[in-house]
Amino acid sequence: MIENVALLGLSCALNPVLLGIVLLTLASERPKRMLGAYVAGAFTWSVGLGIGAVRVASGVDAFGGGSSPSRPVFDLLAGLALLTSAAWYGTGRAARRKARKAAAKVAADSGEEQPTKQPLAERLLSGPVWLAFLAGVLLNFPSVRYIEAMKEIVVANVSAHEQVLAIVLFNVLMLSPGFIPLGFLVFRPDGTRAVMTNIDAWLRAHSHLLLTLVLAGLGLYLLVKGLITLT
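Residues numbered from 1 in each chain as written. Predicted model: local features only at pLDDT ≥ 70, side-chain atom pairs only at ≥ 80, totals over all residues. Heavy atoms only, no water.

Colleague: I tried to follow the packing of aromatic side chains on my own but got confused; where do I start?
Modeller: Geometrically, a pair of aromatic rings is defined through the distance of the ring centres and the angle of the planes. Inspection of the entire model under this criterion finds two aromatic pairs. Here the aromatic rings of Tyr146 and Phe170 are separated by 5.6 Å at their centres, their planes lie at 75°, and the arrangement is edge-to-face. Placement of Tyr146 in helix 8 (residues 144-155) and of Phe170 in helix 9 (residues 160-174) is noted, with a sequence separation of 24 residues between them. Look at Tyr146 and you get buried, because its relative accessible area is 4%. (Phe/Tyr/Trp six-rings, centres within 6.5 Å; stacked < 30°, edge-to-face > 60°. Helix = DSSP H or I, 4+ residues; strand = E, 2+ residues; numbered from the N terminus. Buried < 20%, exposed > 50% of the residue type's maximum accessible area, 1.4 Å probe, protein only.)

Structure, rendered in structure tokens:
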């Protein structure tokens, strides 16, 4: 169980949105406090949601026992969803859709000059610390991989204490792009901005390929796992 949870957590760490938010906080006047508040909000919300979801799912036996057909069916559906997402990125449809939306926005704004609106994340991260905490809650929604990780914890039939530890491990790995620069800000603040800027630039340049490979790999893993369980 723990290996699957850790793998899913690491796959969720490949998150350009989170890296962009980290850069926004690093550009603020109080980067350590703002990034710490954001990570605290995201971690508190995600861990709390995970504990609640696992407790409810365990109580109602949502995924059944070891022989329940719901377990491999869920794996198959999750695998298909991830492979569909991989195809969406790999064929370039996601990039083309993003380009069309950007072109439409430019065309809509080309008429009359309009005041530029700050994105929600930027507005939340440029205010008081409690808004950064709120941003951590609002900008972190469960993904397919998050749900799959919670399912792995439910069907493992471990104690409540072990469930909580697994949920915490998953979230630490998922939010590691926030925890790591926060640690650098605490212990080695000099140069943190430059390092994160270089990492963000590299990930953005290769995000298309990286996301496709990660989604395809996880999707195939879950499909094979589901098929093996069914046979």
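Read on, since the account is not over.
Colleague: Would you mind going over the pattern of salt bridges with me for this structure?
Modeller: Two side chains carrying opposite charge are able to pair once their charged atoms lie near each other. A full pass over the atoms with the stated rule returns two salt bridges. Taking the shortest distance from any N to any O, the salt bridge between Glu148 and Lys151 comes out at 3.5 Å. Placement of the pair is Glu148 and Lys151 together in helix 8, with a separation of three residues, close to one helical turn. Here Glu148 falls in the buried class, since its relative accessible area comes to 0%. Residue Lys151 is classed as buried on the basis of its relative accessible area, which comes to 1%. In this structure, Glu152 and Lys151 form a salt bridge, with 3.7 Å as the shortest nitrogen-oxygen distance. In terms of burial, Glu152 and Lys151 fall into one category: buried. Through salt bridges with shared partners, one network takes in Glu148, Lys151 and Glu152. (Salt bridge = Lys/Arg side-chain N within 4 Å of Asp/Glu carboxyl O.)

Colleague: Would you take a moment to explain helix 10 (residues 176-187) for this structure?
Modeller: Think of an α-helix as 3.6 residues a turn; residues three or four steps apart then line up on the same face. A rise of 1.5 Å per residue sets the reference length of helix 10, with its twelve residues, at 16 Å; its end C-alpha atoms lie 16 Å apart and thus fit the reference within 8%. Along helix 10, the residues that are buried comprise Ser176, Pro177, Gly178, Pro181, Leu182 and Leu185. (Expected span 1.5 Å × (residues − 1).)

Colleague: Before we go on, may I ask you to explain the packing of helix 2 (residues 16-26) against helix 10 in this structure?
Modeller: The description of two packed helices rests on the angle between their axes and on the distance between the axes. As a packed pair, helix 2 and helix 10 sit with axes 9 Å apart at the nearest point and diverge in direction by 25°. Our classification of the angle between helix 2 and helix 10 gives roughly parallel. Our pair here, helix 2 against helix 10, has a crossing hand that is right-handed. Between helix 2 and helix 10, the contacting residues are Leu18, Leu19, Val22 and Leu26 on the first element and Pro177, Gly178, Pro181 and Leu185 on the second. Classifying every residue of the contact of helix 2 with helix 10 gives seven nonpolar, one polar and no charged. (Axes fitted to C-alpha atoms, helices over the stretch in contact; angles between N-to-C directions. Parallel < 35°, antiparallel > 145°, perpendicular 65-115°, else oblique. Left-handed = near helix turned anticlockwise from the far one by under 90°. Contact = heavy atoms within 4.5 Å. Nonpolar A, V, L, I, M, F, W, Y, C, P; charged D, E, K, R; others polar.)

Colleague: Any chance you could explain the environment of Ser28 here in plain terms?
Modeller: Tracing the backbone through its elements, the reader meets Ser28 in the loop between helix 2 and helix 3 (31-59). With relative accessibility at 16%, the residue Ser28 sits in the buried group. Once the C-alpha coordinates of Ser28 and Gly127 are considered, the two residues, 99 residues apart in sequence, prove to be 9.6 Å apart.

Colleague: Even after reading the chapter, I still don't get the environment of Gly48, so can you show me in this structure?
Modeller: If you trace the backbone, Gly48 turns up in helix 3. Gly48 sits in the partly exposed class, given a relative accessible area of 41%. Sequence separation between Gly48 and Val168 is 120 residues; the distance between their C-alpha atoms is 9.6 Å.

Colleague: Help me understand a positive patch on the surface in this model?
Modeller: Residues Arg93, Arg96, Arg97 and Arg100 make up a contiguous surface patch of positive charge. Structurally, the position occupied by Arg96 is in helix 5 (residues 93-109). (Patch = residues over 30% accessible without salt bridge, like charges linked within 9 Å, V, L, I, M, F, W, Y side chains within 5 Å. Areas by Shrake-Rupley, 256 points an atom, 1.4 Å probe, with all protein chains shown as cover. Lys, Arg positive; Asp, Glu negative; His and termini not counted. Charge placed at Lys NZ, Arg CZ, Asp CG, Glu CD.)

Colleague: Can you help me understand the nonpolar core in this one?
Modeller: Considering soluble globular proteins, one finds that nonpolar side chains tend to be buried as a cluster. If you look at the biggest cluster of nonpolar residues, it comprises 33 residues, and the most contacted ones within it are Met150, Ile153 and Phe170. Ile153 has contacts with Met1, Val5, Val54, Val158, Gln163, Ala166 and Ile167, leaving out every residue within four places of it along the chain. (Core = buried A, V, L, I, M, F, W, Y, C linked by side-chain atoms within 4.5 Å.)

Colleague: Help me understand unusual backbone geometry, please; the structure alone is not making it clear to me.
Modeller: One can expect most non-glycine residues to show negative phi and most peptide bonds to be in trans. Here Asn157, not a glycine, exhibits a phi torsion of approximately 55°, which is positive. Position of Asn157 relative to the elements: it lies in the loop between helix 8 and helix 9. The class for Asn157 is exposed, based on a relative accessible area of 64%.

Colleague: Before we go on, may I ask you to explain the packing of helix 2 against helix 3 in this structure?
Modeller: Where helix 2 meets helix 3, the closest approach of the two axes is 8 Å, and the angle between their N-to-C directions is 150°. When helix 2 is examined against helix 3, the residues Leu18, Ile21, Val22, Thr25 and Leu26 are found in contact with a partner set consisting of Pro31, Met34, Leu35 and Tyr38. Residue classes in the contact of helix 2 with helix 3 are distributed as eight nonpolar, one polar and no charged.

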